[in-house]
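A look at the structure
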Amino acid sequence: MSMAYQGDRTTGFASPAADDIEGTIDLMSEALDLRRPSRYPVRVEGDVLLNRSIRHGDILVVDAAIAPRPGVVVVASVGDELRVCELTQRNGEWWLRTSTPGSADIAVDEATDVSIWAVVSGLVRTDV
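Residues numbered from 1 in each chain as written. Predicted model: local features only at pLDDT ≥ 70, side-chain atom pairs only at ≥ 80, totals over all residues. Heavy atoms only, no water.

1. Notes on the overall build of the chain
Assigned secondary structure in the chain consists of 1 helix and 7 strands. Ordered by position in the sequence, the α and β elements of the chain form the string α-β-β-β-β-β-β-β. The long-range share in the chain, meaning contacts at least 24 apart out of those at least 6 apart in sequence, stands at 46%. Working note: accessible area of the chain is about 8900 Å², and carbon and sulfur atoms make up 51% of it. (Helix = DSSP H or I, 4+ residues; strand = E, 2+ residues; numbered from the N terminus. Contact = heavy atoms within 4.5 Å. Areas by Shrake-Rupley, 256 points an atom, 1.4 Å probe, with all protein chains shown as cover.)

2. Overview of a nonpolar patch on the surface
On the surface, Tyr40, Leu82 and Trp117 cluster together into a nonpolar patch covering about 310 Å² of accessible area. Within the fold, Tyr40 resides in strand E1 (residues 39-43). (Patch = residues over 30% accessible without salt bridge, like charges linked within 9 Å, V, L, I, M, F, W, Y side chains within 5 Å. Salt bridge = Lys/Arg side-chain N within 4 Å of Asp/Glu carboxyl O.)

3. Focus: the environment of Arg36
Within the secondary structure, Arg36 sits in the loop between helix H1 (27-32) and E1. In the structure, Arg36 is positioned 27 residues away from Asp63 in sequence and 8.7 Å away in space, judged by C-alpha atoms.

4. Remarks on the pattern of salt bridges
By the definition in use, this model includes 6 salt bridges. The shortest N-O distance in the salt bridge between Asp63 and Arg39 comes to 3.1 Å. Of this pair, Asp63 sits in strand E2 (residues 59-63) while Arg39 sits in strand E1, and the two are 24 residues apart along the sequence. The partner of Asp58 in a salt bridge is Arg125, with the nearest N and O atoms 2.7 Å apart. In this pair, Asp58 is assigned in the loop between E1 and E2 and Arg125 in the segment after strand E7 (114-124), connecting sequence segments 67 residues apart. Taken together, the shared-partner salt bridges in this structure form one network comprising Arg90, Arg97 and Asp105.

5. What about the sheet that holds strand E6 (residues 106-108)?
Here we have 7 strands laid out as an open sheet, ordered E1-E2-E7-E3-E4-E5-E6, and antiparallel in their pairing. Across the chains shown, the open sheet's two edge strands, defined by having one partner strand only, are E1 and E6. This sheet shows a mean twist of 45° between the axes of neighbouring strands, independent of strand direction. Relative to E7, E2 runs antiparallel, the two sharing 5 bridges. The residue bridging Val62 from the neighbouring strand is Val120, located in E7. (Pairing = 2+ DSSP bridges. Axes fitted to C-alpha atoms, helices over the stretch in contact; angles between N-to-C directions.)

6. Section: the pairing of E2
Taken across its 5 residues, E2 has 5 buried, putting it largely inside the fold. Sheet analysis places E1 next to E2, joined by 5 bridges and oriented antiparallel. The residue of E2 that forms the bridge with Pro41 is Val61. (Buried < 20%, exposed > 50% of the residue type's maximum accessible area, 1.4 Å probe, protein only.)

7. What to know about the side chain of Glu86
Positionally, Glu86 belongs in strand E4 (residues 81-90). Judged by its relative accessible area of 12%, Glu86 falls in the buried class. Only 3.3 Å separates the side chain of Glu86 from the side chain of Arg52, close enough to count as a polar contact. Excluding residues that lie within four positions of it along the chain, Glu86 makes contacts with Leu49, Asn51, Arg52, Gly71, Val72, Val73, Trp95, Leu96 and Arg97. (Polar contact = N/O pair within 3.5 Å; in protein donor to acceptor, adjacent residues only side chain to side chain.)

Okay, structure coming up:
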């Protein structure tokens with residue numbers, strides 16, 4: 001049996017802020033929506049984007065149908081490895097950036113074996 005939290009159904013006196021209580025939050029339809037064929041959950045291994053608050057063990061919701069744009073976090077195929085990176089653009093060229101100290105940005109062009117797999121659309125953290 002599933003019970004949804006109802007903020008307006010608590011014990012005690014009626015709150016004057018009761019008019020400001022938001023309704024229930026449906027994570028499946030509002031944030032995750034994994035029913036879409038282009039959305040996938042991906043678990044992060046390693047602390048690759050701490051500057052974007054993405055940590056080891058986090059679960060990213062990625063969407064292969066979202067068009068990449070500068071500043072978004074992406075899952076990219078670099079050679080035969082998948083990486084979580086920030087997508088940047090400089091002088092009309094695309095680059096992948098991690099927050100790993102000493103790690104160089106990676107060019108996204110025909111000369112490198114790099115492709116953007118999906119754009120991160122959400123993050124789930126179970127270890128808080």
